[in-house]
Amino acid sequence: MPDQRNLEQRRSESAQFAYDDRDNATVQRDTDSLQESVDQVLTWLRRKGIRVWAEGGELRYESAASLSLSDLQRIRLHREGIIEALLASSAAAPEVGPTKRTQADRLPLSYEQERLWLVEQATLANAAYAAPYALRISGKLNVEALAASLKEVVRRHESLRTRFEIRAGVPTQIIEGAESFELARDDLSALDEASREQKVQRCMQQQIEDRLDLARGPLFNALLLKLSEQQHVLMLTMHHIVTDGWSISILMRELSALYAANQQEQSSPLAELPVQYADYALWQRNWLQSQVLERQLEYWKKALADAAPALELPTDRPRPAVPSFKGALYRFTLSHEHSNALKALAKSTGTTVFMLLLAAFQVLLSKLTGERDIIVGTPVAGRRMQVLERLVGLFVNTVVIRTRLQQGLTFRELLGCVRATALDAYANQDVPFQRLVAELQPERQQAHQPIFQVLFALQNTPDVAPVLMHAVVRPMEIPHRVAKFDLSVYVEDRLGSFECLFEYATDLFDAQTIHRWAGYFHTLLIDVIHNPDSAIEQLSMDGSAARRALTASRIRENEGGMRNRFVHEAIAGLAEQNSDALAIVDRDLRVSRGELEIAANRIANYLRSMGVGPEQVVGLCMERSTEAIKGMLGILKAGGVYMPLDPSYPNDRLKFMMGDAGAQVVLCDRACRGLLENSAARLVCVDDLHHREEIALQSAAVPVTELSEINLAYVIYTSGSTGQPKCAGAPHKGLSNRINAQQFIDPIDAQEVCCQKTAIGFVDAIFETLGPLSLGAPLVVASDAVARNPSELAVLIERHAITRLITVPALADALLLVPSAPSLLGSLRSWTLSGSELTRQLATKIAAHCPACRIVNLYGSSEVAADATSYVVTGLENTSIPIGRAIANTRVYVLDEQLEPVPLGVAGELYIAGAGVARGYVRRAGLT
């Protein structure tokens, strides 16, 4: 136990590890140190007998001898990475590690290898788990010494000459002899410089794309390209099943030492390895049968209980059933100033930079998805025993960080949660991820990875190169073409600034989407620096100026004024212009505009005589027919409020609707009268002799009413799928605006023939009826029996040469399945779909069957005059069909929980304003 004086001395010395710009600037000139990985520094510390530990966000050390300034600089440079590595290995390492095997009948795969082997057997990964590495060598190169050095590295590490066969039904490691390896060579020196570089790039691409056969091997290859006497490129290709990031550092160090020895014709300076990777795999399989594994498994079962099967990021394309693992990379660098500020904030909160960056990243994911339960994977080195430090092989494991971002939590409070969760995950990191998946048995889908789909890592293994005598060696950038997860973000401290790399699946995302998300992350980190005590909901990803611009872009300018304040006035105007023009076709009945106008006026005057006027609800309960259309129009002309009552509804629902909406009068026919007889409303049976005669005696003139555009035109009940049905009341201005907006979406003219086939209880039926009548197009009425039968409806479309159709997607799909559909539907020129999602597949089928047909996607609800947005399908690219832009005189916003506009591509809730919004829920102001 050290005495107090030594303790104070150590504390004083440990203060030197605090981040300091001036000291760091000096260290940055030490290029040798910059090439080191944190793992190399930790190994060096152990060999010098220096004990280091993390305490309260600080790095502290204990050394028998004083450290030199260069030693202190070396440690300070890697301070953050060392702290993170110490925390990641904070769980007690196994007391007894692997030993050299004496004899083994079968060499099993490690759990880490088994995971990759299973992915390969499913033929899913293709080249996703290839690990290419390329070095450009300038200067005098002793090729034979290089070849001998590589051969010795392969001899030393059995993993580099291992392949994997199934023996007795079980995957097994097969270790080949060292003589199996040879350095491949290709002389390009005869080519001109441009051709040489093109050949290098082609070779690198080939190395990436070539699939390494796990059963046949080899899984480690080396190719030396000679460009000239003074220029070479060395390409190393490995499969991840035999290597990891730490292993690359080992390879480079050993290659340096062996090359120097071979140059001088000396024997190898490297001590023989005490164990091999196969020894580790045998030990791991035995050790993980212990109580240690059971305790850690229990932790993970509790930590991941009730987790969602997947984190659904907003993708640009539908997720394919089987991923291709094709990927791309985007990177950006935080400024030195902001990077230092993040380090200072981490230190002040007693967390590591990794924890801070992870917390910010999880906030980003929450804002992108709208979810508050965020699961992210992160890699750990998995080498917590000294005997494994010099061994090439796959040791890296993945742990899961699950964070619940509760509403109102400040970022500083979130940091505390992430810190606690990360430390718990580190303490239970020994459970191999493959074993965890087997235990939890999540719903397995080829479409995405199990448990987590997004990975986050703080990289502390920079690109390293061997030191070769008389030559300068630099790592080359490898073209990035793979992505193992939907999204992986890697952060690396380069020269004191954080470089962030976004690796993404190109199956799912466009480059511009990821560039935008990277920008959000950048802005979010800056906001975290300035506002760590803000609630996470208030943290900004796009800045106030961008938000104001975005809000402005959501507002669609008014497209002309509303041509008619009232729809019934527009219909009357057309009748006055040409009373003989066809208005309705109903089976064998043909009704002119003039006839419709007179019949509707008489019903309106009769209702006026009963006291019906503005704001008074009048029900209409009839099958779809000409009489129902006359009744609807008559109610509007009387100034009343139209309320459809679908005869197919149960009696109890009809009575509830009439009582709830306060309907005093109901128009019906004899077929439906029996459904309403016990109601308190006065029934007007339009085909009953008494009422028919009374209506016939009424004036055919337009009734006079004092009507305002803010008076209710109709009330419509929601389906009640989310509880008790609600009655939305829509004013005349919303009704008129929606019909006038049609001329900006998909214009209707007198040459069109429209179809009325929607049940009257749905809001679409109102616009399906009144739209054509007020815009001058004749309307063909489909009976209930015909509307329910796709074959009969298709025949009706052909018989009347209907040019315009409105359906839900399900009915559209059924119509396309009708025999001879292309012929029967050949007259269609416009097909509007609403009510549920229009898929690309359905839009493609419509286009194939009706190539001359315009496809329109509408989105809305009963509360917004049926439709709020529209989109004309102009292309059938491999994307989902959008709901489009706001219709005329309507504004559409996507807002977060704070009612603030979300950035582009971020999930939120849709809010609608403008002329089409309902006045409210009738008699339910609290719900409004």
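Being a predicted model, the structure only gives us computed values, none of them experimental.

*Asks:* What am I meant to see in the overall build of the protein chain here?
*Replies:* From N to C terminus, the protein chain includes 31 helices and 33 strands. Counting the 928 residues in the protein chain, one finds 55% classified as buried. For the protein chain, the proportion of contacts with a sequence separation of at least 24, taken over those separated by at least 6, is 74%. A total of about 39,400 Å² of accessible surface is found on the protein chain, and carbon and sulfur atoms cover 50% of it.

*Asks:* In this structure, what is going on with helix H21 (residues 626–637)? I would like to understand it.
*Replies:* Residue pairs spaced three or four apart in an α-helix point in one direction, given the helix's 3.6 residues per turn. A rise of 1.5 Å per residue sets the reference length of H21, with its 12 residues, at 16 Å; its end C-alpha atoms lie 16 Å apart and thus fit the reference within 8%. Extensive coverage of H21 is indicated by the burial of 11 of its 12 residues. Taken as a whole, H21 has its buried residues at Thr-626, Ala-628, Ile-629, Lys-630, Gly-631, Met-632, Leu-633, Gly-634, Ile-635, Leu-636 and Lys-637.

*Asks:* What's the story with the nonpolar core in this structure? I'm lost.
*Replies:* Membership of the largest hydrophobic core comes to 120 residues, with the highest contact counts inside it found for Phe-361, Phe-411, Phe-456, Leu-487 and Phe-521. Looking at which element gives the most residues to this core, the answer is helix H14 (residues 353–369), with 13 residues. Those residues within four positions of Phe-456 in sequence are excluded, and the remaining contacts are Phe-354, Leu-357, Leu-358, Phe-361, Val-376, Gly-377, Thr-378, Pro-379, Val-489, Val-491 and Phe-521. Of all hydrophobic cores here, the second largest spans 52 residues; its members include Ile-571, Ile-584, Ile-603 and Ala-604.

*Asks:* Please clarify how the pairing of strand E17 (residues 589–592) should be interpreted in this entry.
*Replies:* Working note: regular strand, side chains alternate between the two faces of the sheet. Relative to E17, strand E16 (residues 582–586) is paired through 4 bridges, and the arrangement is antiparallel. Across the sheet, residue Leu-582 finds its bridge partner in E17, namely Ser-592. The antiparallel hairpin formed by E16 and E17 contains 2 residues in its connecting segment, where Arg-587 sits at a positive phi of about 60°.

*Asks:* What's the story with the packing of aromatic side chains in this structure? I'm lost.
*Replies:* The description of two aromatic rings rests on the distance between their centres and on the angle between their planes. One pass over the full model with this rule turns up 17 aromatic pairs. Taking 4.9 Å as the distance between ring centres and 75° as the angle between the ring planes, the aromatic pair formed by Tyr-299 and Trp-300 counts as edge-to-face. A centroid spacing of 5.0 Å and a plane angle of 25° characterise the contact between Phe-452 and Phe-485, whose relative ring orientation is stacked. Of the two residues, Phe-452 is situated in the loop between helix H16 (433–440) and strand E12 (454–459) and Phe-485 in the loop between strand E13 (471–475) and strand E14 (487–494); the sequence distance between them amounts to 33 residues. For the pair Phe-452 and Phe-485, one class covers both residues: buried. In textbook terms, an aromatic cluster arises when at least three aromatic residues are bridged by ring pairs, as seen for Phe-332, Phe-354, Phe-361, Phe-456, Phe-502 and Phe-521. Between Arg-285 and the ring centre of Tyr-111, over which it is positioned, the NZ or CZ distance is 4.0 Å. Lying across the ring of Tyr-921, Lys-726 places its NZ or CZ 5.5 Å from the centre.

*Asks:* Explain the packing of helix H7 (residues 111–121) against H16 here, please?
*Replies:* When two helices pack together, their arrangement is given by the angle between the helix axes and the distance between those axes. Contact geometry of H7 with H16 gives a least axis separation of 7 Å together with a crossing angle of 70°. In terms of their interaxial angle, H7 and H16 are classed as roughly perpendicular. Side by side, H7 and H16 meet where Tyr-111, Glu-114, Arg-115 and Leu-118 of the first sit next to Phe-433, Gln-434 and Arg-435 of the second.

*Asks:* Is there a simple way to think about the sheet that holds strand E8 (residues 231–239) in this case?
*Replies:* Hydrogen bonding along the main chain pairs the strands of a sheet, whether they run parallel or antiparallel. With respect to topology, 5 strands assemble into an open sheet ordered E6-E7-E8-E3-E13, the strand pairing being mixed. Sheet topology places strand E6 (184–187) and E13 at the edges, where each strand pairs with a single neighbour. Here the strands of the sheet are splayed against their neighbours by 20° on average, with no regard to which way each runs. Of the strand pairs in this sheet, strand E3 (residues 130–139) and E8 are connected by 9 bridges, and their pairing is antiparallel. Residue pairing across strands places Tyr-133 opposite Leu-236, the latter belonging to E8.

*Asks:* Help me understand unusual backbone geometry, please; the structure alone is not making it clear to me.
*Replies:* The phi torsion of most residues other than glycine is negative, and most of the peptide bonds are trans. Between Gly-217 and the following residue, Pro-218, the backbone shows a cis peptide bond with an omega angle of -10°. Its place among the elements puts Pro-218 in the loop between helix H9 (193–209) and strand E7 (220–228). Positive phi outside glycine occurs at His-470, with the angle close to 65°. As for its placement among the helices and strands, His-470 is situated in the loop between E12 and E13. The class of His-470 is exposed, set by a relative accessible area of 58%. In the Ramachandran plot, Glu-615 falls in the positive-phi region, its phi being about 70° despite a non-glycine side chain. In this structure Glu-615 comes out as partly exposed when scored by relative accessible area, which is 32%.

Calculation criteria
Residues numbered from 1 in each chain as written. Predicted model: local features only at pLDDT ≥ 70, side-chain atom pairs only at ≥ 80, totals over all residues. Heavy atoms only, no water. Helix = DSSP H or I, 4+ residues; strand = E, 2+ residues; numbered from the N terminus. Buried < 20%, exposed > 50% of the residue type's maximum accessible area, 1.4 Å probe, protein only. Contact = heavy atoms within 4.5 Å. Areas by Shrake-Rupley, 256 points an atom, 1.4 Å probe, with all protein chains shown as cover. Expected span 1.5 Å × (residues − 1). Core = buried A, V, L, I, M, F, W, Y, C linked by side-chain atoms within 4.5 Å. Pairing = 2+ DSSP bridges. Phe/Tyr/Trp six-rings, centres within 6.5 Å; stacked < 30°, edge-to-face > 60°. Lys NZ or Arg CZ within 6 Å of the ring centre and 35° of its normal. Axes fitted to C-alpha atoms, helices over the stretch in contact; angles between N-to-C directions. Parallel < 35°, antiparallel > 145°, perpendicular 65-115°, else oblique.

Remember that the coordinates give geometry; whether it matters functionally is a separate question.
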